[in-house]
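Observations on chain architecture
Listed below are the residues making up each chain.
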Amino acid sequence: VMKLNPQQAPLYGDSVITVQLTEEDKVEDDVVFYLVFTGSTVQHCTSTRKINPGSLETISPGHDCCETVRVALCASREGHPVLVVAEESFQFVQDEAYDAAQFLATCAGNQQALNFTRFLDRSRPPAADVDFLDEKVALAFRHLKLPAEWNVLGADQSLTENIPRETLMHFAVRLGLLRLTWFLLQQPGGRGALSIHNNEGATPVSLALERGYQKLHQLLTEEGAREPDSWSTLSHTVHSGDYSVKHHRGLGVYLLTAEA
C-alpha cells in the first residue's frame, strides 16, 4: 500500500500531496509514476515528481464535488504494460477558504456584508496569514462556477459610479490581497470598481497608495500590468472540449481532468 499525505484536499486543488512508496515499489529511474483519481463524475490523472527513491510529489486536482475518491498509483516503463501498483482512498472537502470565496461572491453588492469585511480589517492579520489567505481564497474563487451574469459590483447594475459604496475590490485592496485583486480585475465590473468611491471618498486605487502597497498600486494603475509573480506559482489551466489540462510550474507537474 502507498501512503498519501495528506489524505484529503480542498475542492479547488493546487495543494501538494506526498506519496510514500513501499520497499518493493522503489524502482529504477526509468519508471514513470502517475496517480489516477476516480470520482463519481470526473477522473483526474496527475504526473509526479520524484523527491527520493521512496517518495513522490504531486499536486491535488480541483474536483467537482465533496466526496471520497479512489486513487490508483500507476507505473509505466517503456516497452512494458502500465501497472496499477497500489490503491488508496482520498477525500475532497470544502474548506474555510472555499466558504469564504462563496460568501464573498454572493455578497458582491451587499453593503452590510462588505461593511463586515471592513470590520475584519481592523484586526489586521500578520503578513504571512494574509499571503496564505490571498492564495487560498483566490484559488477557491477561481474554482467557483460563477453565474454568467456575475459582476464584481454585484447584481444591481443600475447603480451609477457616482453612488458612494463599498466594493469587493475595496476589500481585496484594503487587506493587500494581490492575487485576489488580480483575479477580480479580470472579471466583469473589475475595472469599473477601481473608480468607485466609498463613503470616506476612497477608491481601491487610493487605498493601495495610502496603505503603501506598491505592487498592488502598480497592478491597478499601469497600462498592460502583467499578472503578479505570486500568481505564477499557481497552476495554469487549458480547456479543450470535455478535458482540461493544468500545469503547475512550481513542481513541473501536469494534471489532466476528464468526465468519467
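In what follows, the accompanying structure is described. In this text the structure is predicted, and so the values were computed from the model without any measurement. (Residues numbered from 1 in each chain as written. Predicted model: local features only at pLDDT ≥ 70, side-chain atom pairs only at ≥ 80, totals over all residues. Heavy atoms only, no water.)

**Let's talk about the state of the cysteines**
What counts is decided by this rule: Disulfides are defined in this document as cysteine sulfur pairs within 2.5 Å.
Going through the model one piece at a time under the given rule, you end up with zero disulfides. Considering cysteine sulfurs only, C65 is the nearest to C66, which forms no disulfide, with 7.1 Å between them.

**Considerations on the sheet that holds strand β7 (residues 55–59)**
Note the following rule: Two strands form a pair only when DSSP identifies at least two bridges running between them. The numbering of helices and of strands both runs from the N terminus, where a helix is a DSSP run of H or I of at least 4 residues and a strand a run of E of at least 2. Where helices are involved, their axes are fitted lines through C-alpha atoms of the stretch in contact, as for all axes, and angles between N-to-C directions lie from 0 to 180°.
Across the sheet, four strands lie side by side as β1-β3-β7-β6; this open sheet has antiparallel pairing. Whereas interior strands pair on both sides, the edge strands pair on one side only; in this sheet they are β1 (3–5) and β6 (49–52). Going from strand to strand, the sheet's axes swing by 30° on average, the running direction of each strand aside. Both strand β3 (residues 16–20) and β7 contribute to a ladder of five bridges, which runs antiparallel. Bridge assignment links I17 to a residue of β7, and that residue is T58.

**Comments concerning the sheet that holds strand β9 (residues 83–93)**
The strand order across the open sheet built from eight strands is β2-β9-β8-β4-β5-β12-β11-β10, with neighbouring strands paired in mixed fashion. Looking at the sheet topology across the chains shown, the edges are occupied by β2 (8–10) and β10 (236–240). Within the sheet, the average angular offset between the axes of one strand and its neighbour, ignoring direction, is 25°. In this structure, strand β8 (residues 67–76) lies alongside β9, joined through nine bridges in antiparallel fashion.

**A few points about the nonpolar core**
What counts here: We define the nonpolar core as a collection of buried residues of types Ala, Val, Leu, Ile, Met, Phe, Trp, Tyr and Cys that are connected through side-chain atoms lying within 4.5 Å of one another. Note on exposure labels: buried denotes an accessible area under 20% of the residue type's maximum, exposed denotes more than 50%, and partly exposed covers the range between, all computed with a 1.4 Å probe on protein chains only. For every domain, the bounds stem from an assignment made automatically or drawn from a database. Here, residues are in contact when the closest pair of their heavy atoms is within 4.5 Å.
Core analysis: the largest hydrophobic core is formed by 60 residues, its most contacted members being F90, F141, L168 and L184. Element by element, the count of residues in this core is highest for helix α5 (residues 178–185), at six residues. When residues of this core are sorted by domain, at least three fall in each of domain 1 (3–94 + 233–259) and domain 2 (96–221). Apart from the residues within four sequence positions on either side, F90 is in contact with L4, P6, Q7, Q8, A9, I17, F37, E67, T68, V69 and V71.

**What to know about a nonpolar patch on the surface**
Which entries qualify depends on this criterion: Note on patches: the residues involved have over 30% relative accessible area and no salt bridge, like charges join within 9 Å, and the nonpolar side chains Val, Leu, Ile, Met, Phe, Trp and Tyr join within 5 Å. Accessibility throughout is a Shrake-Rupley quantity obtained with a 1.4 Å probe, and a residue counts as covered only by protein chains that appear here. For this document, the term salt bridge refers to a Lys or Arg side-chain nitrogen within 4 Å of an Asp or Glu carboxyl oxygen.
A cluster of nonpolar side chains, V238, Y243, V245, Y254 and L256, forms an exposed patch at the surface whose accessible area comes to about 470 Å². Within the residue set of the nonpolar patch, elements represented by two or more residues are β11 (243–248) and β12 (253–259). Mapped onto the elements, Y243 comes out in strand β11. Overall, the relative accessible area of 47% leaves Y243 in the partly exposed class.

**Examining helix α8 (residues 214–221)**
Stated precisely, the cut-off is as follows: The directions from the helix axis to the C-beta atoms are what the arc is built from.
Residues of α8 that are buried include every one of L216, L219 and L220, and no others. Seen from one end, α8 has its buried residues packed into an arc of 95°, which puts them on one side. More than 90 degrees from the buried face of α8, the exposed residues found are Q214 and K215. Its buried side turned inward, α8 meets α4 (168–174), α5, α6 (190–193) and α7 (204–210).

**Some points on the packing of helix α3 (residues 127–143) against α5**
Angle between the axes and distance between the axes are the two parameters that describe a pair of packed helices. Inclusion rule: Roughly parallel refers to an angle under 35 degrees, roughly antiparallel to one over 145, roughly perpendicular to one between 65 and 115, and oblique to any angle outside these ranges. Residues are grouped as follows: Ala, Val, Leu, Ile, Met, Phe, Trp, Tyr, Cys and Pro are nonpolar; Asp, Glu, Lys and Arg are charged; all remaining types, including Gly, are polar.
Contact pair α3 / α5: the axes reach a minimum separation of 7 Å and the direction vectors enclose 30°. The angle between α3 and α5 falls in the class roughly parallel. Each of D131, D134, E135, V137, A138, F141 and R142 in α3 lies in contact with α5, whose residues at this interface are L178, R179, L180 and F183. In the contact of α3 with α5, the residues fall into six nonpolar, no polar and five charged.

**Some thoughts on unusual backbone geometry**
Of note, the amide linkage connecting N5 to P6 takes the cis form, showing an omega dihedral of -5°. Relative to the assigned elements, P6 resides in the loop between β1 and β2. At D14, a residue that is not glycine, the phi angle is positive and equals roughly 65°. D14 sits in the buried class, given a relative accessible area of 6%.

**Considering the packing of aromatic side chains**
To be explicit about the condition: Put simply, two rings from Phe, Tyr or Trp (the six-membered ring, in Trp's case) pair if the centres are within 6.5 Å, and we call them stacked under 30 degrees between planes, edge-to-face over 60, tilted for the rest.
For the structure on display, the rule yields six aromatic pairs. Seen from their ring centres, F37 and F90 are 5.6 Å apart, and the 80° between their planes marks the pair as edge-to-face. Of this pair, F37 sits in strand β4 (residues 32–38) while F90 sits in strand β9, and the two are 53 residues apart along the sequence. Judged by its relative accessible area of 1%, F37 falls in the buried class. Residue classification places F90 among the buried residues on the basis of a relative accessible area of 1%. Considering the side-chain rings of F90 and F92, the 5.4 Å spacing of their centres and the 75° angle between planes classify their relative orientation as edge-to-face.

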